[in-house]
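Reading the structure
The primary structure of each chain is shown beneath.
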Amino acid sequence: MEAGCAGCHEKRGLEIGALPDRPAQLFYLPDDERELNDLSASEPGRFKQMYKELFAWEATLERPRWLLKKSYEKADIDRMDAYWHKNDEN
């Protein structure tokens, strides 16, 4: 998965990667080193299992200090939504 991957999990040649701005994808690395063939739709069972494993691992991580406190996230999202919607009107 490309640089900036929010989370990646590899198992028996399969890799699931999740980026913050797009859906997770599943690749079979031995046949697809460049990660061009997303298998998430054709392998839904494997995709779901690996996504659950990735999510479970991410839940054990300590929240980075540079992230906003959870209590501020909603306000920040609302602020950015208002900013973008204001620009949509122009």
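Scroll up for the structure.
Let me sum up the structure you'll find in this document. (Residues numbered from 1 in each chain as written. Predicted model: local features only at pLDDT ≥ 70, side-chain atom pairs only at ≥ 80, totals over all residues. Heavy atoms only, no water.)

Along its length, the protein carries 2 helices and 3 strands. Counting from the amino terminus, the protein carries its helices and strands in the arrangement β-β-β-α-α. When the 90 residues of the protein are sorted by exposure, 20% land in the buried category. (Helix = DSSP H or I, 4+ residues; strand = E, 2+ residues; numbered from the N terminus. Buried < 20%, exposed > 50% of the residue type's maximum accessible area, 1.4 Å probe, protein only.)

Once that is clear, we can look at the sheet that holds strand β2 (residues 14–19). The 3 strands lie next to each other as β1-β2-β3, forming an open sheet whose pairing is antiparallel. With partners counted over all chains shown, the strands left at the sheet margins are β1 (7–11) and β3 (22–28), one partner each. With strand direction ignored, the average angle separating the axes of adjacent strands in the sheet is 10°. Note: β2 against β3, 5 bridges, orientation antiparallel. Across the sheet, L19 pairs through a bridge with R22, a residue of β3. With respect to the sheet, helix α1 (residues 44–59) is in contact with β1, β2 and β3, its orientation differing from that of β1 by roughly 125°. (Pairing = 2+ DSSP bridges. Axes fitted to C-alpha atoms, helices over the stretch in contact; angles between N-to-C directions. Contact = heavy atoms within 4.5 Å.)

This brings us to the pattern of salt bridges. Taken as a whole and judged by the stated rule, the model has 2 salt bridges. Between K11 and E53 there is a salt bridge; the shortest N-O distance is 2.9 Å. With K11 in strand β1 and E53 in helix α1, this pair connects stretches of sequence that are 42 residues apart. Taking relative accessible area as the criterion, K11 reaches 27% and is therefore assigned partly exposed. A salt bridge links R46 to E43; the nearest nitrogen and oxygen atoms lie 3.8 Å apart. On the basis of relative accessibility, which here comes to 48%, the residue R46 falls in the partly exposed class. (Salt bridge = Lys/Arg side-chain N within 4 Å of Asp/Glu carboxyl O.)

On to unusual backbone geometry, then. Residue E35 is not a glycine yet carries a positive backbone phi of 55°. Looking at the secondary structure, you find E35 in the loop between β3 and α1. According to the relative accessible area criterion, E35 is buried, its value standing at 19%.

Walk down a regular strand and you will see the side chains alternate between the two sheet faces. When β1 meets β2, the two strands line up antiparallel, connected through 5 bridges. When the bridges of β2 are listed, E10 appears paired with E15. The antiparallel hairpin formed by β1 and β2 contains 2 residues in its connecting segment, where R12 sits at a positive phi of about 50°.

Remember, this is a structural readout, not a statement about activity or role.
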